[in-house]
Amino acid sequence: MREYLLTLCVTAAVTYLLTGPVRKFAIAAGAMPEIRERDVHREPTPRLGGIAMFGGLCAGLLVASQMSNIGEMFELSSEPRALLAGAALIWLLGVLDDKWGVDALIKLGGQMIAAGVMVWQGLTILWIPVPGVGSVALTPMQGTLLTVALVVITINAVNFVDGLDGLASGMVCIAAAAFFMYAYRMWYGYGVEAAAPATLFAVILMGMALGFLPHNMHPARIFMGDSGSMLIGLVLAAGAISITGQVDPDLLQAATGSEKEAVKSTVPVYIPVVLLPLSIIAVPVADLVLAVVRRTWNGQSPFAADRGHLHHRLLEIGHSHSRAVLIMYFWSALIGFSAVAYSVNSASVWVVLALAMFSAVGLFILLLPRFTPRVPRWAQAVVPPRYRSKGRLAEEVDEAGPSSASPAAGAAGAERSGTVARANGATAVGARGGHRVPQRSKAGSRG
């Protein structure tokens, strides 16, 4: 665990430290696209954040290769090299798209090539467990097609959800944390050494997301762009493929006595290829499916951009930017960690009750977009101003006086005054039949 923790810290630190210089480079390189109609930000923001994330990935793999325990995996398995090769291809494709723009079909082809490179180097699905049947071995063609499909779906799901500041990086970090718990338990709890690469991939993915998140929170100073969103989607898919394609069913069969019993007793645990990745990224995948159906129904291309994503709808019904992101975080964590809890104890009623209770809480928050909680009076000094009562704010202004008001408060007051003035001006124009009447200033009247 200490080696994984060190790898996590190094990956996060390198990503965090590289993001600042990458932002300056993106501004100098002109990787600041104009504001589009579907965008929610109002100022041009540089992209290419995936450069820093790729640097964190390389640093994490380099540090892990020098560890005494984890380093043995690099000698016994080719999966880390397969991940690095596929990540380099998808990252390069994303950088080109962030700077000059790449056609959607070309990006889809590049994603399939990156997945094919990982398959060629041994990172592929070899078998899947089927309850009541046992472990079903796949032919090389079936394994390749299933691997490529899983990689492409995961990449595009993460790419589609990257629409608000901090949304994609935070959701992927939550997914990586849930997957790390699953893979780590598979390795140390069941003694399956083939789960070690997936555990490492999850740790590195968490470090990449955590290192980039401080720069990407609202208001974001830099976007990860396609170079980042496609990269973290590929790493997430690689972890699921690794733990599925390389775990030997005979190891599970030896513990239970028969293959069917092994599958039956471990399906709640051994579910990475179908249930676990899709449950961890259930919200992005749902967004992806709904977007494809919506655009196809309207006669548009499935790759055509619009403002119909889940995060856009949260903003439309009245949620603020930060609250919409937190709601998406909540549902991702609820689904992902519920899948992990089910894998630990599938027969527990408490898991179902907890899931139902938290789902009710999530629905309650979702349906109250304008609800602003108020904290007790004694605790209002340590919370943001929007959660304080009006009486408390009035007392603070009276005590501080106009001369000691903060610049932010002055700017907010000026903005409100300007809004009122514009509204009054518009009323005056309307009352005068649409003709603007010049207003004299006091100095002009005195002169």
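Residues numbered from 1 in each chain as written. Predicted model: local features only at pLDDT ≥ 70, side-chain atom pairs only at ≥ 80, totals over all residues. Heavy atoms only, no water.

### Examining the overall build of the chain
For the chain, the count of helices and strands is 19 helices and 2 strands. Within the chain, buried positions represent 45% of all 447 residues. Excluding contacts between residues fewer than 6 apart, the proportion of contacts in the chain whose partners are at least 24 apart in sequence is 74%. For the chain, the exposed surface amounts to about 22700 Å²; the carbon and sulfur share of it is 66%. (Helix = DSSP H or I, 4+ residues; strand = E, 2+ residues; numbered from the N terminus. Buried < 20%, exposed > 50% of the residue type's maximum accessible area, 1.4 Å probe, protein only. Contact = heavy atoms within 4.5 Å. Areas by Shrake-Rupley, 256 points an atom, 1.4 Å probe, with all protein chains shown as cover.)

### Quick look at the side chain of Thr15
Structurally, Thr15 is set in helix α1 (residues 2–29). Among all residues touching Thr15, those that are not within four sequence positions of it are Ala52, Met53, Gly56, Gly207, Met208, Gly211 and Phe212.

### Considerations on the packing of aromatic side chains
According to the stated counting rule, one finds 5 aromatic pairs in the structure shown. Measuring from centroid to centroid gives 6.1 Å for Phe179 and Tyr182, while their planes differ by 40°, and the two rings are tilted. Separated by 3 residues within a single helix, Phe179 and Tyr182 lie in helix α7 (residues 167–190), roughly one turn from each other. With relative accessibility at 4%, the residue Phe179 sits in the buried group. Overall, the relative accessible area of 3% leaves Tyr182 in the buried class. Grouping aromatic residues by their ring pairs yields a cluster made of Tyr4, Phe180 and Tyr184. (Phe/Tyr/Trp six-rings, centres within 6.5 Å; stacked < 30°, edge-to-face > 60°.)

### Regarding α1
Look at α1: 40 Å from first C-alpha to last across 28 residues, which is about the 40 Å you get at 1.5 Å a residue. Of all the bends in α1, the greatest, near 30°, is centred on Thr19, and the proline Pro21 appears no more than four residues after it. Taken residue by residue, α1 has Glu3, Tyr4, Thr7, Leu8, Thr11, Ala12, Thr15, Thr19, Val22 and Ala26 as its buried positions. Gly30, located one to two residues past α1, shows a positive phi value of around 80°. (Expected span 1.5 Å × (residues − 1). Bend = angle between axes of the 7 residues up to and from the residue.)

### Regarding the environment of Leu146
Mapped onto the fold, Leu146 is located in helix α6 (residues 140–161). In this structure Leu146 comes out as partly exposed when scored by relative accessible area, which is 33%. Sequence spacing of Leu146 and Leu126 is 20 residues, and the spatial spacing of their C-alpha atoms is 9.7 Å.

### Remarks on a nonpolar patch on the surface
Among the surface-exposed residues, Met357, Phe358, Val361, Phe364 and Ile365 lie close enough to one another that they form a single nonpolar patch of about 470 Å² accessible area. Secondary-structure assignment places Phe358 in helix α16 (residues 349–366). For Phe358, a relative accessible area of 38% translates into the label partly exposed. (Patch = residues over 30% accessible without salt bridge, like charges linked within 9 Å, V, L, I, M, F, W, Y side chains within 5 Å. Salt bridge = Lys/Arg side-chain N within 4 Å of Asp/Glu carboxyl O.)

### Some remarks on the side chain of Thr199
Position of Thr199 among the secondary structure elements: in helix α8 (residues 196–216). Once you skip the residues sitting within four places of it in the chain, Thr199 turns out to touch Tyr4, Phe180, Ala183, Tyr184 and Trp187.

### Observations regarding the nonpolar core
If you look at the biggest cluster of nonpolar residues, it comprises 82 residues, and the most contacted ones within it are Leu57, Leu200, Leu231 and Leu234. The leading source of residues in this core is α7, at 15 residues. With residues up to four places along the chain from it excluded, the contact list for Leu200 reads Tyr4, Thr7, Leu61, Ala64, Ile70, Met73 and Phe74. (Core = buried A, V, L, I, M, F, W, Y, C linked by side-chain atoms within 4.5 Å.)

### Description of unusual backbone geometry
With a phi angle near 65°, Leu48 is a residue other than glycine that sits in the positive phi range. Relative to the helices and strands, Leu48 resides in the loop between α1 and α2 (50–65).

### Concerning the pattern of salt bridges
Under the definition given, this model contains 2 salt bridges. Ionic pairing is found between Lys107 and Asp97, a salt bridge with its closest N-O pair at 3.5 Å. Linking Lys107 in helix α5 (residues 104–120) with Asp97 in helix α4 (residues 79–99), this pair joins segments that are 10 residues apart in sequence. An identical accessibility class is assigned to Lys107 and Asp97; each is buried. Between Lys107 and Asp226 there is a salt bridge whose closest N-O contact spans 2.8 Å. With Lys107 in helix α5 and Asp226 in helix α9 (residues 225–245), the pair connects residues that are 119 residues apart, well separated along the chain. For the pair Lys107 and Asp226, one class covers both residues: buried. Several salt bridges converge on common partners, so that one network encompasses Asp97, Lys107 and Asp226.

### Examining α4
Taking 1.5 Å as the rise per residue, α4 with 21 residues should run 30 Å; its terminal C-alpha atoms sit 30 Å apart, in good agreement. Of the positions making up α4, those classed as buried are Glu79, Pro80, Ala82, Leu83, Gly86, Ala87, Ile90, Leu93, Gly94, Val95, Asp97 and Asp98.

### Quick notes on the confidence of the model for the chain
Note: predicted coordinates in regions of low pLDDT should not be interpreted at a detailed level. With 63% of its residues at a pLDDT of 70 or more, the chain shows a mean pLDDT of 75. Least confident of the elements in the chain is helix α19 (residues 442–446), whose mean pLDDT is 38; most confident is α2, at 95. Ignoring residues within four places in sequence, the model shows residues 268–274, a span with pLDDT below 50, making 29 contacts including any to other chains. Overall, residues 402–447 carries pLDDT values under 50, and its contacts beyond four positions in sequence, including any with other chains, amount to 5 contacts. (pLDDT = per-residue confidence, 0-100.)

### Concerning the packing of α1 against α2
Following both chains from N to C, one finds α1 and α2 inclined at 150°, their axes separated by 7 Å at the closest point. Of the possible angle classes, the one that applies to α1 and α2 is roughly antiparallel. Seen along the crossing, α1 lies across α2 with a hand that is right-handed. Here Thr7, Val10, Thr11, Val14, Thr15, Leu18, Thr19, Val22 and Phe25 of α1 lie close against α2, whose contacting residues are Ile51, Ala52, Met53, Gly55, Gly56, Leu57, Ala59, Gly60, Val63 and Ala64. Grouping the constituent residues of the contact of α1 with α2 by class yields 12 nonpolar, 7 polar and no charged. (Axes fitted to C-alpha atoms, helices over the stretch in contact; angles between N-to-C directions. Parallel < 35°, antiparallel > 145°, perpendicular 65-115°, else oblique. Left-handed = near helix turned anticlockwise from the far one by under 90°. Nonpolar A, V, L, I, M, F, W, Y, C, P; charged D, E, K, R; others polar.)

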